[in-house]
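Understanding the architecture of this molecule
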Amino acid sequence: MFRLFRAVLIRDLTLALRQKSDILNTVFFFIVVVTLVPLGIGPDQQLLRLIAPGVVWVAALLAALLSLPRLFANDFADGTLEQMLLSGEPLTVIVIAKVFAHWLTTGIPLTVISAVFALMFDLNAEVTVALITALFIGTPVLSLVGSVGAALTLGVRGGSVLTSLLVLPLYIPVLIFGAGAAEAVSVGVSSSAYFLIVGALTLFSLVVMPIATAAALRIAAE
Amino acid sequence: MTSTSIFTPEGMYRFAGKLAVPCLVSAAIVALIAFYLGFFVAPVDVTQGNSYRILYIHVASAWMAMLLYVLMAIFCILGLVTEKKLWPMIAASLAPTGALMAFLALWTGSLWGRPTWGAYWVWDARLTSALILFFFYLGYLALQNAIPDWRRADKACSVIGIVGVINVPIVYFSVQWWNTLHQGASLTSSGSSIHPIMLTALLVMVAAFWLYTFGATFARLRSIILEREKGEEWAQELALKGEL
Amino acid sequence: MDQWGSFSDFISMGGYGRYVWGAYGMVIFCFICELVSLSRRRQRAAKELLLEARAHQAEEDL
């Protein structure tokens, strides 16, 4: 099973790295969206410091959403997905490997880049660390939950908009607690509960979502 | 008279046919009773004046919205597990009424909020959770609409329904944590803090909403059955005999 | 029972009439809309089924 996981992971990473523009586009989108906010609201530093965690997280959600079709659409289109289904290998392992690859090429870059926003929003060191940590722990949820939406809408007309409608409400808990962690640090309140809950959400998604995604993939490929 | 089980499309079609209108009629009657109790027996509230009377339909619709989603998810699970045609049909017939209840919870909550808190919308735990629940319903309905093959649509909706229902308590908990402006749950297991007459009126109104839901769901279920069983002999026979 | 001095008192709900009747009105309106749309859906479904049944019968008669 681990060999299967490794094989799919390496495959997806190789494909993603060949098409680097996908990853770069996601990160670029993330940066642009976050940059737009001060331009729309005004340069009041105090205000920006307050809203930074929320803005960064919302932008991360949207960037993750944009990158979801990449998960299955290509494999679905060229028949690889069907081969995976017919191969008799455990589909959930394949899904977890693909989602992990997705996180490595989406969540991780977003997490790393968010350090830049410390400058943009004049965040102090502790808040920045909290922001980055929360993103690191919480972005897997974006990939995991997103995979369910992506699988359900495979081949459906208007798929990506529909995916957003399905997935964004499901992102709300991780948004609340992820942004809340950095916000708590910024007002000097204990943030441990927030981090624990984000971690719990990630673990929970890790257990539940791949099963749902695998079921959705089977439904889509029938 | 056939002895078809009501757990088949044909049997359910007949069964629902007998119950739909009686449910709707009793819903109207029970609602009138609730209205009488709520407006003519229950007194004015000390703090909120007469605006509190929105509570009857706000709480009723909010509860229905939540309960129907759970019910829907149960039928989704049954549909995936047993492969019986009827279960996903029932889930599909519950969804629109559930969505309507969620909308009404938002609308009535907003109108109650204005005189109570001074604004049509406040980001308190209950209203926000209700809004998100409404989004869950919309997602379900959108997915159903987007997939033309109803077999695939049912299964896909079942997945999102189950994922959604697992998330409902998580979202609720998250939003509560996030904001605790709304008055604490008046109807908790430790005893309710509202006037007994108001409570009675509320429960009667909830009963009326349940009856309405049964009626509307049965009616929709019948249409869904006719749509999907178009090719079946029993349906075509009924149509030709004019006994639909 | 006699808490409403007059009918106009009842309608104004102590100043909150807009909100109370706006809420109840929407509920009733929505229920009526839902029932009307259900009735229309049923008629459409029944009509299509009848067409299908007649076509099928015509085929069989051949």
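Remember, predicted model here, so these are calculated numbers, not experimental data.

As for the overall build of chain B
The number of helices and strands found in chain B is 7 helices and 2 strands. Beginning at the N terminus, the succession of helices and strands in chain B can be written as α-α-α-α-α-β-β-α-α. If one aligns the C-alpha atoms of chain B with their principal axes, the spans along those axes are about 65 × 40 × 30 Å. Evaluated residue by residue, chain B yields a buried proportion of 50% over its 244 residues. Within chain B, contacts between residues separated by at least 24 positions form 78% of all contacts whose residues are at least 6 apart in sequence.

Looking at the overall build of chain A
Helix and strand counts for chain A stand at 10 helices and 0 strands. Order of helices (α) and strands (β) in chain A, N terminus to C terminus: α-α-α-α-α-α-α-α-α-α. Its C-alpha atoms give chain A a radius of gyration of 18 Å, near enough to 17 Å, the size a compact globule of 222 residues would have. Projected onto its principal axes, the C-alpha positions of chain A cover 55 × 30 × 30 Å. The 222 residues of chain A split such that 49% are buried. Sequence-distant contacts, at least 24 apart, represent 82% of the contacts inside chain A between residues at least 6 apart.

Considerations on the UniProt feature "transmembrane region" (unreviewed entry) in chain B
Residues and elements named next belong to chain B. Annotation from UniProt places "transmembrane region" (unreviewed entry) at residues 21-42, 54-79, 86-107, 127-147, 159-178 and 198-221. Between the end C-alpha atoms of residues 127-147 the distance is 31 Å, and the span holds 95% helix and 0% strand. Between the end C-alpha atoms of residues 198-221 there is a gap of 34 Å, over a span that is 100% helix and 0% strand.

Considering the interface of chain B and chain A
At the interface, 21 residues of chain B touch 20 residues of chain A. Secondary-structure elements contributing two or more residues to the side of chain B that touches chain A are helix H4 (125-146) and helix H5 (150-178) of chain B. For the side of chain B that touches chain A, the leading source of residues is H5(B), giving 12 residues. Taken together, the residues that form the side of chain B that touches chain A break down as 16 nonpolar, 3 polar and 2 charged.

Here's the deal with unusual backbone geometry
In terms of backbone geometry, most residues other than glycine have negative phi values and most peptide bonds are trans. Residues other than glycine seldom take positive phi values, yet Asp122(A) does so here, at roughly 55 degrees. With respect to the secondary-structure elements, Asp122(A) resides in the loop between helix H7 (107-120) and helix H8 (125-152). Overall, Asp122(A) belongs to the partly exposed group, with 13 C-beta atoms counted inside 10 Å. Within the chain, Glu83(B) stands out as a residue other than glycine whose phi angle is a positive 60 degrees. Tracing the backbone through its elements, the reader meets Glu83(B) in the loop between helix H2 (55-82) and helix H3 (86-117). Classification of Glu83(B) by C-beta neighbours within 10 Å gives exposed; the count is 9.

Conventions used here
Residues numbered from 1 in each chain as written. Chains lettered and ligands numbered in written order. Predicted model: local features only at pLDDT ≥ 70, side-chain atom pairs only at ≥ 80, totals over all residues. Helix = DSSP H or I, 4+ residues; strand = E, 2+ residues; numbered from the N terminus. Buried ≥ 20, exposed ≤ 12 C-beta atoms within 10 Å, placed from the backbone. Contact = placed C-beta atoms within 7 Å. Rg over C-alpha atoms; globule rule 2.2 N^0.38 Å. UniProt positions renumbered as here; feature names shortened; annotations may be inferred. Nonpolar A, V, L, I, M, F, W, Y, C, P; charged D, E, K, R; others polar.

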